[in-house]
Amino acid sequence: MASSDVMIRIQQILDIFTKDNAGEDVSLIQKAYVFAAAYHEGQTRLSGEPYLSHPLAVAHTLASMGFDAPTIAAGLLHDTVEDTKATIEDIDAEFGEEVADIVDGVTKISTITFENKEEAQAENIRKMILAMSHDMRVLMVKLADRLHNMSTLDFQKTHKQKRIAQETMDIYAPLANRLGLYILKRDLEDLSFKYLQPDIFNQIESWLEKHQVVEKHIIDKVVALIRGLLDENGVKGTVYGRIKHKYSIYKKMQSQSLTLDEMHDIMAFRVLVKDIRDCYAVLGLVHSQWKPVHGRFKDYISMPKANGYQSLHTTVIGPEAERIEIQIRTEEMHRQAEHGVAAHWLYKEKGRVNSKDLEQFSWLREIFERQGGETDSREFMRSLKMDLFKDEVYVYTPAGDVKELPEGATPLDFAFQIHSKVGAHCAGAKINDRLMPLNTELKNGDLVEIITDPNRNPNRDWLSMVKTAKARSYIQRYLRTEERTRAVRLGQEILEKEGRKVNLNTAKAAKDGNFVLVAQDLKFDSVDDLMAAIGYGHITSRKVLNRLYAVLHPNDEKVSHPQIPVIEKKEEAPKKREGVSISGIDGILMRFAQCCNPVPGDPIVGYISRGVGITVHRRDCPNVGNMEIERIIDVNWDDEEQKPYTTGMFVISKNSPGALAAISQVIASHQVNIGNLVMDSTVDGRAKLTFTIEVRNTTQLYKLIEDVRAVPCVLEVIRESEG
C-alpha cells in the first residue's frame, strides 16, 4: 500500500499497472493525472502536503490491487468534482461514461448533509451500498480513499480521529474483509486500532520491537524446517513466515484473557503450492512433523468462505514448543486471499455485479434487497454490522447442501437462510437427528432439519434468538405488520362499542364509505390509518365519532359547537399512576419492570399482571414477546415527568488514576444521583463500570451518556440494557 511519508509519483503507478497489464494503453491514467494536477493546483492537505498527494496515493493503492485503467483514473479524479471547479459533465466529456460513473458514485457518498451524525453515517453507508450494486469499483475507490485518510489521521483533531477510526473499524474494515481484500482489511484495522486504543496499541508495538530478534529466529527456523519437508518429499512450493498484525494480536488477547507475555500464537506461516492435491499432501507432512492442536484445523478449500477465500488452516506445537499457525493454499488461492474481488472477478467483468457474482456474494445481494426497507437509521446500521462482523460456521441441510451462517447462529437463522417462509413457520428443529431448542447454537458440520407448522408465526421472543440480519429484518417486519393489524382491529372494536353508546352505527358508516371523509378530515391517508391511530391510542374515539356525526349530519347547526348533543357523555380523565397515563382503567396498581427499567421518553406498554396490577415495560423489552397479547395495553407517559426513574449505564474506560472521579463529576453536573456502582478491571488495562442511576427522562439520560462519552479516558458508554 502507498506510504504517507513520501509523495507517490505517477510513474510508480504506471509501472505497477504495466507490470500486470503488459501492452495495455496507459494514456487514460496519464490524462487523469494531468487533469487532477491542474484542478488541484494550489490546494494543500492538513499535513501541508500538496493535495495531489492524496489522489496519487489512492491510485497507487488501486494499481497495487490489480485494478483496471478506468478504476485507477477514477482514483486520481475522485475528489475533483467535490473539491474543485470540475463538474461530472467535464469528467464524462474528457474520460467517458465509465470513469464518470465511478467518480459520480464516490462523490455522491460524501456530499450529502443530514440532521445528525448517526443519520449521516447510516445514509452515507446506504448510498455506498447502492453505488456498489451499480459498480463495485465505487466501493474500491472509497476503500482506497479511506486507507490514505487513515494513514494521515495524525493531522486531524482528537475527536475527529476517534470518530473516523470508529467508522473505519465498524464498517470499512469489515467490508474489505467480506470482499476478500485481506491486505486492505489488515491495514485499516491496525490504523483504526492505533487511534481508538493508543495505549494498548503502543504497548503491543513496543513489546513486538523488544521481542523481534527472538521471533525472527523462530520464524527463520520454522521456515527452513518446512522447506526441508517439502524438498525431502518432492513437493514444489514457497514458504513465508510473519508476525500477525497488531489488531489480531489484541483480539486474541481479549478472547483468551491473556497478557502479552502469555501470548504464544502470534506467528503465522504460509505455504504456497501448485495444486489442491499438494495442499493436502503438505498438511499431512506438517502433521507428521508436529503435533496438531485439537479443534484448530479448518478446511476452507472444500468449504470456501462467502468471499471466495480458500485455504487449509492448522495450528501445531512447533519446534520451540510454540503454537504456530500454518496456512496452506495454491498460488491462485493466494491471489484471491490477498486481493479478493479485485483478483478474482471484478476487473474482468468491468465492475458490474452480475447474477453469477451475487451467487458467491449472497450476503451482498441480501443487503441490496433489505436496505431499501430499513427506514430507521439505527436499525439499518445494526443490520449491516450483523452482516459484516461474523465468523462463519458451515452446516448441512438434509439434502447435503452447505449453508454458511455467522458464529452463534441458531436453527431459526438456518430456517430463514433456506427461505423466509420456512423461517416464518418454523416450529422446531432437529440437529444431528435430535430434537433441539430453537435457540441452540449451531456448530460446524451440524446436520439441521427444520420442522414447520403453517399455524406457527414469528413472535417477539425470536428476536433474541437470531444472529443474522436477514432473520431479524423479516421478524421485525412481521411484528410491525401484525401489531398494526391488531391496532386496526382494536380501533374498529373501540369505535363500534363507543358508537353504540351514542346511537351511531359505525359498521354501517364504514360500509357506506363515510369514514373515508372522516379520515381525510382528520389528516389520515386511509381509513386503516385512522383505525390504527385509535387502536394505538393516538386519537380518541370521541373525537372520531364527533367528526363522523358531522359527516352524517352536514346541515346540523349544532355541529359547529365544541360538543355535539349526541355525544355529550364525558369521558373520564385518564388515571395517572407513577407518571404514566392509562386510558379506561381505574383503581389498578402500577409498577415498573426491573428487567428493562423504562424511563420517560421510552416507548412503553402495560401488562396486566394477575394480583399485581399493571407492569410497565419498554416496548422493545425482550420479555414482551413472551406475554399474552390480550393482556398488553397501551400506556403513555404524563406530560410532566419530575419523579426520578432508575436505569443503568455501562462504561468502559482506561483504568487510570482519576478516571472514576472524572466520570462521576460529569454525572453530578447533570444532577443525576448514583444509586449503585459495580467496578471490574480487565487484563488489557480497561475498567468496566456499571452505574445504577436515577434520571427524569430519556432526554436527560442520553445527554448524560453523550457527555460521559466525551471524557478523555472513556472508551465506550451504553445504556446498560442496550448492549
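Now for a quick tour of the structure.

About the cut-offs
What you see as residue numbers is a count from 1 along each chain, following the sequence as written. The model is predicted, so local features are restricted to residues of pLDDT at least 70 and side-chain atom pairs to those at 80 or more, both for listing and for counting; the totals for chains, interfaces and linings are taken over all residues. To obtain the side-chain values, all non-hydrogen atoms of the structure were used and water was disregarded. Strands here are runs of E lasting at least two residues and helices are runs of H or I lasting at least four, both read from the DSSP assignment and numbered beginning at the N terminus. The contact criterion used is simple: two residues touch if any of their non-hydrogen atoms lie within 4.5 Å. Should a side-chain nitrogen of Lys or Arg be within 4 Å of a carboxyl oxygen of Asp or Glu, the pair is scored as a salt bridge. Partly exposed describes any residue whose relative accessible area lies between the buried limit of under 20% and the exposed limit of over 50%, with all areas from a 1.4 Å probe on protein chains only and scaled to the type maximum. We call a set of buried Ala, Val, Leu, Ile, Met, Phe, Trp, Tyr and Cys residues a nonpolar core when their side-chain atoms join them within 4.5 Å. For two strands to count as paired, DSSP must find a minimum of two bridges between them. To define axes, lines are fitted to C-alpha atoms, for helices over the stretch in contact only, and angles between the resulting N-to-C directions are given on a 0 to 180 degree scale. Oblique is the label for every angle not falling under 35 degrees (roughly parallel), over 145 degrees (roughly antiparallel), or within 65 to 115 degrees (roughly perpendicular). Here the term charged refers only to Asp, Glu, Lys and Arg, the term nonpolar to Ala, Val, Leu, Ile, Met, Phe, Trp, Tyr, Cys and Pro, and the term polar to all other amino acids, Gly among them.

Turning to the environment of Leu677, a few remarks are in order. Tracing the backbone shows Leu677 in strand E18 (residues 673–681). Separated by 15 residues in sequence, Leu677 and Thr692 place their C-alpha atoms 6.3 Å apart. Ignoring sequence-local partners within four residues, the contact set of Leu677 consists of Leu660, Leu689, Thr690 and Phe691.

Let us look at the pattern of salt bridges. With the rule as written, the count across this model stands at 17 salt bridges. Two residues, Arg137 and Asp68, come together in a salt bridge whose shortest N-O distance is 2.8 Å. In this pair, Arg137 sits in helix H9 (residues 137–151) while Asp68 sits in the loop between helix H3 (53–64) and helix H4 (69–77), placing the two residues 69 residues apart along the sequence. A relative accessible area of 0% means that Arg137 is categorised as buried. For Asp68, a relative accessible area of 13% corresponds to the buried category. Here Glu716 ties to Arg709 by a salt bridge, and the two come within 3.5 Å at their closest N and O atoms. Its relative accessible area of 34% is what places Glu716 among the partly exposed residues. For Arg709, a relative accessible area of 42% translates into the label partly exposed.

Of note in this structure, Lys523 is not a glycine but carries a positive phi near 70°. Tracing the chain through its elements places Lys523 in the loop between helix H23 (514–521) and helix H24 (527–536). For Asn597, which is not glycine, the phi dihedral falls at a positive 45°. Here Asn597 is to be found in the loop between strand E13 (590–592) and strand E14 (604–609). Under the relative-accessibility criterion, Asn597 is labelled partly exposed at 24%.

By size, the foremost hydrophobic cluster in this structure holds 96 residues, and its most contacted members are Leu77, Leu143, Leu188, Ile204, Phe269, Val271 and Ile326. It is helix H12 (residues 198–232) that provides the largest number of residues to this core, a total of eleven residues.

Along strand E2 (residues 267–273), seven of the seven residues are buried, which leaves the element largely enclosed by surrounding structure. Side chains Met267, Phe269, Val271 and Val273 of E2 all project onto a buried face; the interleaved residues Ala268, Arg270 and Leu272 project onto the opposite face, where all are buried too. Sheet topology places strand E1 (residues 237–243) next to E2; seven bridges connect them, and they run antiparallel. Bridge pairing in E2 places Gly237 opposite Val273. Where E2 meets strand E5 (residues 323–330), six bridges bridge the pair, whose relative direction is parallel.

Moving on to the packing of helix H19 (residues 411–418) against helix H21 (residues 469–501). Running from N to C, H19 and H21 cross one another at 85°; their axes reach a closest spacing of 9 Å. As summarised for this structure, H19 and H21 are arranged roughly perpendicular, according to the angle between their axes. Note on element contacts: H21 touches H19 through Lys470, Ala471, Tyr474 and Ile475, opposite Asp413, Phe416 and Gln417. Within the contact of H19 with H21, the residues separate by chemical class into four nonpolar, one polar and two charged.

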